Amino acid sequence: MSFCGVAASADGVGHSGLVLYVNGEYRDDSDIGKLMHDFNCTSADDMNFEILAEKTRYLKENPKGVSEMCKVMEDLRDESYAEGHAEGREEQAQMTAKNLYEQGLTIEQIARAIGFSMETVEKWLTQKAG
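Basis of the calculations
Residues numbered from 1 in each chain as written. Predicted model: local features only at pLDDT ≥ 70, side-chain atom pairs only at ≥ 80, totals over all residues. Heavy atoms only, no water. Salt bridge = Lys/Arg side-chain N within 4 Å of Asp/Glu carboxyl O. Helix = DSSP H or I, 4+ residues; strand = E, 2+ residues; numbered from the N terminus. Buried < 20%, exposed > 50% of the residue type's maximum accessible area, 1.4 Å probe, protein only. Lys, Arg positive; Asp, Glu negative; His and termini not counted. Polar contact = N/O pair within 3.5 Å; in protein donor to acceptor, adjacent residues only side chain to side chain. Contact = heavy atoms within 4.5 Å. Axes fitted to C-alpha atoms, helices over the stretch in contact; angles between N-to-C directions. Left-handed = near helix turned anticlockwise from the far one by under 90°. Nonpolar A, V, L, I, M, F, W, Y, C, P; charged D, E, K, R; others polar. Expected span 1.5 Å × (residues − 1).

**Student:** Please give an account of the pattern of salt bridges that cites residues and values.
**Tutor:** A pair can form between side chains of opposite charge whenever their charged atoms are brought close. Taken as a whole and judged by the stated rule, the model has 5 salt bridges. Across the salt bridge formed by Asp 78 and Arg 77, the nearest N and O atoms sit 2.9 Å from each other. Its salt-bridge partner being Arg 112, residue Glu 108 comes within 3.9 Å of it at the nearest N-O pair. Of the two residues, Glu 108 and Arg 112 both sit in helix α4 (residues 107–114), 4 residues apart, roughly one turn of that helix. Arg 112 sits in the exposed class, given a relative accessible area of 59%. A single salt-bridge network, built from bridges that share partners, covers Asp 45, Glu 50 and Arg 57.

Here is the structure:
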C-alpha cells in the first residue's frame, strides 16, 4: 500500500502546483516517516526535525508565539462561525422560500421577502429533493 500520492492543484486565484497527500499514520526511518512523526508530536523535544521543533517551541512556549497562535485560532474560529452562520441563514431562507411558494407567492415576492435574488430563489424551487 502506498503512503503518499501527488495531484495537480489550482486554487481558483491563480495559484497552482502539486499537492502531496501522505498517510498521517505512516512511520519509518525515511524523511516522510519522520515528518509524520513530528506532525503528531505534542512536545518539541520528541521531534526529529529541529526546524519544526524550534517553531513548535516558539508557538507553545514563547509568550509572543503563544499570542500569535491564539490570534490565529481566534481568527479561524470567527471565520468558521461566520461561514456556518451564512450557511444556516441560506438554509433557513431556502426552507422559507419553499413554504411561501406553496402558499402561492410569486418568485419575485419571495425574493424580496427573504433578501435573495430571484435567480437564487428560482434555483431553490426547481431543485429536486435529494
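Additional details are given in the paragraphs that follow.
**Student:** Explain the side chain of Asp 38 to me, using residue names and the numbers behind them.
**Tutor:** Turning to its location among the elements, Asp 38 is positioned in helix α1 (residues 31–39). There is no salt bridge for the buried Asp 38, and the closest opposite charge comes from Arg 27, which lies 8.3 Å off by N-O distance. At 2.6 Å, the side chain of Asp 38 and the backbone nitrogen of Asn 48 are in polar contact. Look past the residues within four positions of Asp 38 in its chain and what remains in contact with it is Asp 46, Met 47, Asn 48, Phe 49 and Leu 52.

**Student:** An account of the packing of helix α3 (residues 63–102) against α4 is requested, with residue identities and associated values reported.
**Tutor:** Look at α3 against α4: their axes get within 10 Å of each other, and the N-to-C directions meet at 145°. Crossing of α3 over α4 shows right-handed handedness. Between α3 and α4, the contacting residues are Arg 89, Ala 93, Thr 96, Ala 97, Leu 100 and Tyr 101 on the first element and Ile 107, Ile 110, Ala 113 and Ile 114 on the second. Classifying every residue of the contact of α3 with α4 by side-chain character gives 8 nonpolar, 1 polar and 1 charged.

**Student:** An account of α3 is requested, with residue identities and associated values reported.
**Tutor:** Taking 1.5 Å as the rise per residue, α3 with 40 residues should run 58 Å; its terminal C-alpha atoms sit 58 Å apart, in good agreement. Taken together, the buried residues of α3 touch α2 (50–61), α4 and α5 (118–126). Taking the backbone nitrogen of Lys 64 as reference, a side-chain oxygen 2.7 Å away marks Asn 62 as the first, capping residue of α3. At the C-terminal side of α3, Gly 104 shows a positive phi close to 100°.

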